[in-house]
Amino acid sequence: MPLDPDTLLASSMFINASGAIVFSLFWLADRRSPELALWAVGYILVALGLLGMMFLSTAEYPSALAGGAVFLLCGISPACFWLGTRCFDRIRPVGWWPALIAGAIPGLQYVVGIELGRPPASVAATTSLLLAVLYAFNTHVLARGIGRDPVQPGRWPVARTVVAACLGLYCISFVASALVTWHGGASEVEAEVASITIVSVVDNLLGVISCIAMAGMLWERARGDLAREARIDPLTGLFNRRGLHDGARRWLARSRPLAVIIADIDRFKRINDAHGHAGGDLVLTTFAHLIRDVCPAEDSLLARIGGEEFVILLREADPDAARHFADRLRHEVETGGFLVGGERLAITVSIGLAFPSAAETDLTPALERADRALYAAKRGGRNRVEELAAV
């Protein structure tokens, strides 16, 4: 039995309207999340675009104004989804207006093409390709975020992967629609009906799946946020002891050589006594920023494990390079500026250094050696680096 385009369009419209209702309700429950509003608007726009298509005759291509309005709605919709995904990823959008203008291009192209007298089939096919480009951008931003969470590197975001796959298939359907419009029918009417059928069938098959998967992305993010809070020190933003051991376990399983550095701010109690806990916290956060700047981003794991004690785990660091780095860090702290209440404080740091042996699969023994080396540095006069070798 042949598929009826009007029935397929109506079904797609109701699916997208349902998505609009779902994410509107989500946004009403959490108005601090702009991605929920943007996704709701995206669903609303595509539902309105499909509603407009239902009122246009499939016996001929729509007029410039009618077709332009429909494709304008269908183009701005993926732009809203793209902006929403960037907000979801906590990435600052490049700008709302550029994204919305890009979304308006398919509709504007249709209006200009028809008004200039180009063949309607060619104009419609070009419009489909432009929509494919917009969905390709959505697929890219979703795929780029897969597996990039440093706190949960072993977790695969299933829901996000499903959404990316669905949008990739939407992109393919628009390309197929363009090819059918150009070459796929005995007449323009047959080609138009076939192109609408292709996109509508894909939307009917994937619309509900992608909507559920987008809701699943919210659950994955909530789970990730909880895992992040359990592994991150709230004051400095570095890993805490749990995050350190989780990351170290993975590194010890596959990376050698490793260096373990414990740095402890000298006479920190005096800073707290003189400047209060707010002043002490400022020194701790300044120190955290300093070690972030000094450490190689891809080959270091930074943690605050208590009070004024910090751990730096260096990957691919031979003993000489680790000793040089530790002394450089000590020098940077000694000569750096720690401003508290307009007063520049003279801060120094004592450092203990150790190296996990090839037989060690847990960080604890090397951490204990680095801790003993740290106390040797304290006893030796502070503001120095000491090393304790494995027995």
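Above this text you will find the structure in question.
Now for a quick tour of the structure. For every chain, the first residue of the written sequence is number 1, and numbering continues from 1 onward in sequence order. Totals for whole chains, interfaces and linings use every residue, but because this is a predicted model, local features are given only for residues with pLDDT of at least 70 and side-chain atom pairs only at 80 or more, for both listing and counting. Computation of side-chain values covers all heavy atoms of the structure but excludes hydrogens and water.

Within this document, salt bridges are pairs made up of a side-chain nitrogen of Lys or Arg and a carboxyl oxygen of Asp or Glu, the two lying within 4 Å of each other. One pass over the full model with this rule turns up 18 salt bridges. Notably, a salt bridge pairs Asp225 with Arg228, separated by 2.8 Å at the nearest N-O pair. Placement of the pair is Asp225 and Arg228 together in helix 7 (residues 188-231), with a separation of three residues, close to one helical turn. Burial status follows relative accessibility: with a 1.4 Å probe on protein chains alone, a residue under 20% of its type maximum counts as buried, one over 50% as exposed, and anything between as partly exposed. With a relative accessible area of 27%, Arg228 lands in the partly exposed category. A salt bridge links Arg304 to Asp233; the nearest nitrogen and oxygen atoms lie 3.2 Å apart. Linking Arg304 in strand 2 (residues 300-306) with Asp233 in the loop between helix 7 and helix 8 (241-254), this pair joins segments that are 71 residues apart in sequence. The way it works is that DSSP assigns letters per residue, a run of H or I at least four long becomes a helix, a run of E at least two long becomes a strand, and they are numbered from the N terminus.

Reading across the sheet, the five strands line up as 2-3-1-6-7 and stay open at both edges, with mixed pairing between neighbours. If you trace the sheet from one side to the other, it starts and ends with strand 2 and strand 7 (385-387), each paired once. Taken over all neighbouring pairs, the strand axes of this sheet differ in orientation by 20° on average, direction set aside. Pairing analysis gives six bridges linking strand 2 to strand 3 (residues 309-315), with the strands arranged antiparallel. Considered in strand 3, the bridge of Leu302 is made with Ile312. The criterion for strand pairing is that DSSP finds at least two bridges linking the strands in question. Lines fitted to C-alpha atoms define the axes here, with helix axes fitted over just the stretch in contact, and angles between the N-to-C directions of these axes take values from 0 to 180 degrees.

Right, let's talk about unusual backbone geometry for a bit. Backbone geometry at Arg382 places phi at a positive 70°, although glycine is not the residue there. Note that Arg382 resides in the loop between helix 11 (364-379) and strand 7. Residue Arg382 is classed as partly exposed on the basis of its relative accessible area of 31%. At Asn383, a position not held by glycine, the phi torsion is positive, near 55°. Mapped onto the elements of the fold, Asn383 is located in the loop between helix 11 and strand 7.

Taking burial as the measure, the eight residues of strand 1 (residues 258-265) include eight buried ones, the bulk of the element. A two-sided burial pattern is seen for strand 1, the buried positions comprising Leu258, Val260, Ile262 and Asp264 on one face and Ala259, Ile261, Ala263 and Ile265 on the other. In terms of strand pairing, strand 1 meets strand 3 through seven bridges, oriented antiparallel. Looking at strand 3, one finds that Val260 is bridged to Leu313.

Another point: the packing of helix 4 (residues 96-115) against helix 5 (residues 120-144). For any two helices packed against each other, one specifies the inter-axial angle together with the distance between the axes. Interaxial distance between helix 4 and helix 5 falls to 9 Å at its minimum, and their mutual angle equals 175°. With respect to each other, helix 4 and helix 5 are oriented roughly antiparallel. Here Ala102, Gly103, Ile105, Pro106, Gln109, Tyr110, Gly113 and Ile114 of helix 4 come into contact with helix 5, specifically with Pro120, Val123, Ala124, Thr126, Thr127, Leu130, Leu131 and Leu134. Each residue gets one of three labels, nonpolar for Ala, Val, Leu, Ile, Met, Phe, Trp, Tyr, Cys and Pro, charged for Asp, Glu, Lys and Arg, and polar for the others, Gly among them. Partitioning the contact of helix 4 with helix 5 into residue classes produces 11 nonpolar, five polar and no charged. Throughout, the term roughly parallel applies to angles under 35 degrees, roughly antiparallel to angles over 145, roughly perpendicular to angles from 65 to 115, and oblique to all others. Should any heavy atoms of two residues lie within 4.5 Å, those residues are counted as being in contact.

Quick look at empty space enclosed by the protein now. Residues are called lining when one of their atoms sits within 4 Å of a cavity or pocket point, these points coming from a 1 Å grid over the protein atoms alone, where a cavity is a set in which a 1.4 Å probe fits but cannot get out and a pocket is an open set with protein on both sides within 12 Å along at least five of seven lines. Grid points are joined across faces, edges and corners, and a volume is the space filled by probe spheres set on the points. As enumerated under the stated definition, the model contains one cavity of 30 Å³ or more in all. Volume-wise, the largest cavity comes out at about 710 Å³. In this structure, the largest cavity is lined by 43 residues; those nearest its centre are Leu50, Met53, Cys74, Phe174 and Val199. Elements supplying a minimum of two residues to the lining of the largest cavity: helix 1 (5-29), helix 2 (34-55), helix 3 (64-88), helix 5, helix 6 (158-183) and helix 7. The element contributing the most residues to the lining of the largest cavity is helix 7, with 10 residues.

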